[in-house]
Structures are given as structure tokens and as C-alpha cells.
Amino acid sequence: MSEPLRIGVLGAARISGASLIGPARATGHRVVAVAARDRARAEAYAAEHGVERVAGSYAELIADPEVEVVYNPLANGLHGPWNLAALAAGKHVLSEKPLASNAEEAAEVREAAAKAGTVFMEAFHYLFHPVTRRLHEVLASGEIGELRHVEAMVAIQAPPDTDPRWSLPLAGGAMMDLGCYSLHALRMLAPWAGGAPRLVSARGGQRAGAPGVDEWLDADLAFPDGATGSARCHMAYDGLEMSCRIIGSRGAVLAPNFVLPHRDDRVVVRTGDGERTERLGTRSSYTYQLEAFADRVRGGAPLPLDADDAVATMTLIDAAYRAAGFEPRPRVS
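So, here's what we can say about the structure. Quantities reported herein were computed from a predicted structural model and do not represent experimental measurements.

### Structural notes on the packing of aromatic side chains
A complete count under the given rule lists six aromatic pairs for this structure. For the ring pair Tyr58 and Trp82, a centre distance of 5.3 Å and an interplane angle of 80 degrees mean the geometry is edge-to-face. On the criterion of sequence distance, the pair formed by Tyr58 in helix H3 (residues 58-63) and Trp82 in helix H4 (residues 79-88) is long-range, its members being 24 residues apart. For Tyr58, a relative accessible area of 12% corresponds to the buried category.

As C-alpha cells, then:
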């Protein structure tokens, strides 16, 4: 194995245990530092997860010469500012999605990444798992015919009212937290649909007590070759749904949970010849992602995601918000 990455984590978010700490441990990379607004919380986090040391602030972590990769899982509205700061310091950046609050800020991050010459990637981890690769393979093989329609739905039960995902100033909302997966999954089908999809229409519902924040949002899209798509999200659902169904002229392929395939690794293919279920393995998509990111940093291996891709997704998110009667998320002031 090449030299381990030396990673610094911004914030003490619970998700980091599954999204970075566990994968780093599994793949032999070092988590050298963590910083949080509350130092005591950072110290507890470091003790729990075996992080080597605690930095006194986000800025101190970014300035640390031993930190070469910055992982940014902060609240959505803090992605853009701290991605910009990390890139300005010459760090590689793995940013949770979306990379910024809106397309204008996303374009600034793209420019900063180009200037830095470092590796920048938005953490759409699902794309690295064999479940998603298999969806694409089945479509590419022609087994289900030509693409006609795709449906992606990402929904969870409601977080507490105090959760930053319900905060407009922190760029919250169902589309930002969940719908970005649905839109991204549709965008990734462009090679088999004559190009990237365009937004046709969208509708959504506002969260009670959270003006301007979407509780749910549905977007309808169209591809150049005539196929259509539905990208849906709901952040106060009666259960968990993270499905992607691709319908072709001769059949369909379904991933019941494309976002968290370690929970359900099935891919179900239905054609005129019958139905079969394939299982692609419950190894974490986050682990596959960190391996691919490390291969890029250490060996220059290609990645399916870059800053251009991130800006394209953010532009579509902004368009869906406007079409559904919301404003794009504001930048943190």
C-alpha cells in the first residue's frame, strides 16, 4: 500500500464515524486531527474514535502542515466557506454534499480547486459501490433495452426541529440533504440518454415553522433522447426509502437502497425472461469512496466526480428550488 493519507476532520459530526473514521481504519489511513466549535466535544470525539490529536479551531486544523486532506462534514451552509479555506491552504478536500449553499458559491469552490491544483471531490459515496456500478452495467448492456424513465426517491423520518437540516441560514432542506442524491443519480445516466437531463418542473412543501425550508420536493426531468426522470425527496417521511428504478424498453432494474447499499445490497432485474436478484456485497460505500479518493491523491487515478460535476448538480438544485417556489439557499453571512 502507498503512504497513508493524513486526514483532518472538521467538526465532530456523528456521520463521520461511518463516513470517514471507519473507512480510514479499514483502509489504513490516518485521521491525524479533529476540530470542533466546542473543544471538549472534539476531545471526546478524538478519544472515542482514536483521532491522533485535537486542533483548537477549524482554521488551526486547516493550517496544520501534517494535515494533507480535509474532510468537511459540517452543516450544509458551512461547506462552501471551509472548502474555500482548505483549498486556499493547499489541501486536498473531500466535502460532504452539496459542496456549497448555491451554484454561485459552488463555482467559487471550483475556481479555488483549479487554482490550488489539489484533489477536490464531493462525497457522493453511493457512486463507488458495486450496486450503482451494476445499475449502470445492466443499462449499458442493453438487457433492459433503451432508457425510458428513471425514478429516484430518497426519504427519511423527520430529524428534530432543532436539527441544522431544518435551518435556512445553514442551507438546510430536503433537496439539499436528500434530493441531491436523487438528482445526482439521474445526472449519472447521461451516457445512456443522449446527454445531461434538464429540469421540466418541480413542486414542494414547506416545513411548518421553518419558512423557506422544504420538507419535501419532487422534480421532473427530461433527457435529450426522450427519456424522462423523477427525482424525489422527503425529510419527514413515514419510513426510510432510498430507491432507484431504471425502466427500459424491454425491462427494468431496481436498487432498493442505492444510497446506503451496505444495508440492502440487492439489484433486481426484471425482463420478459423473468426476474432475478443479484447481491453486490455489504461493504460500505464510504470505504470504496475513500479508496478511490486515496488512489487519486497518491497515484493520480481517475475519479468519476470533480468540481465541474459538483457545480452541475448544484445548478440543478437551484433550478429545482426556483421551480418549486423556493429560493436557492443563502450563503452563510
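### Let's talk about helix H6 (residues 130-141)
With 12 residues, H6 should cover 16 Å at 1.5 Å per step; its first-to-last C-alpha distance of 16 Å lies within 8% of that length. Taken as a whole, H6 has its buried residues at Pro130, Val131, Thr132, Leu135, His136, Val138 and Leu139. Just downstream of H6 lies Gly142, where phi reads positive at about 85 degrees.

### Focus: the nonpolar core
Judged by nonpolar contacts, the single largest core of 112 residues is most densely connected at Leu61, Leu217, Ala219, Ile246 and Phe258. Ranked by the residues each element gives to this core, the list is headed by helix H7 (residues 174-187), at nine residues. Excluding anything up to four places from it in sequence, Ile246 contacts Leu135, Leu139, Ile144, Leu147, His149, Val150, Leu189, Gly251, Ala252 and Val253.

### Description of the side chain of Arg6
Along the chain, the position of Arg6 falls in strand E1 (residues 6-10). By relative accessible area, Arg6 is classed as buried at 18%. Here the side chain of Arg6 touches Glu3 through a polar contact of 3.0 Å, side chain to side chain. Excluding anything up to four places from it in sequence, Arg6 contacts Arg30, Val32, Pro65, Glu66, Val67, Glu68, Val69 and Arg298.

About the criteria used
Residues numbered from 1 in each chain as written. Predicted model: local features only at pLDDT ≥ 70, side-chain atom pairs only at ≥ 80, totals over all residues. Heavy atoms only, no water. Phe/Tyr/Trp six-rings, centres within 6.5 Å; stacked < 30°, edge-to-face > 60°. Helix = DSSP H or I, 4+ residues; strand = E, 2+ residues; numbered from the N terminus. Buried < 20%, exposed > 50% of the residue type's maximum accessible area, 1.4 Å probe, protein only. Expected span 1.5 Å × (residues − 1). Core = buried A, V, L, I, M, F, W, Y, C linked by side-chain atoms within 4.5 Å. Contact = heavy atoms within 4.5 Å. Polar contact = N/O pair within 3.5 Å; in protein donor to acceptor, adjacent residues only side chain to side chain.

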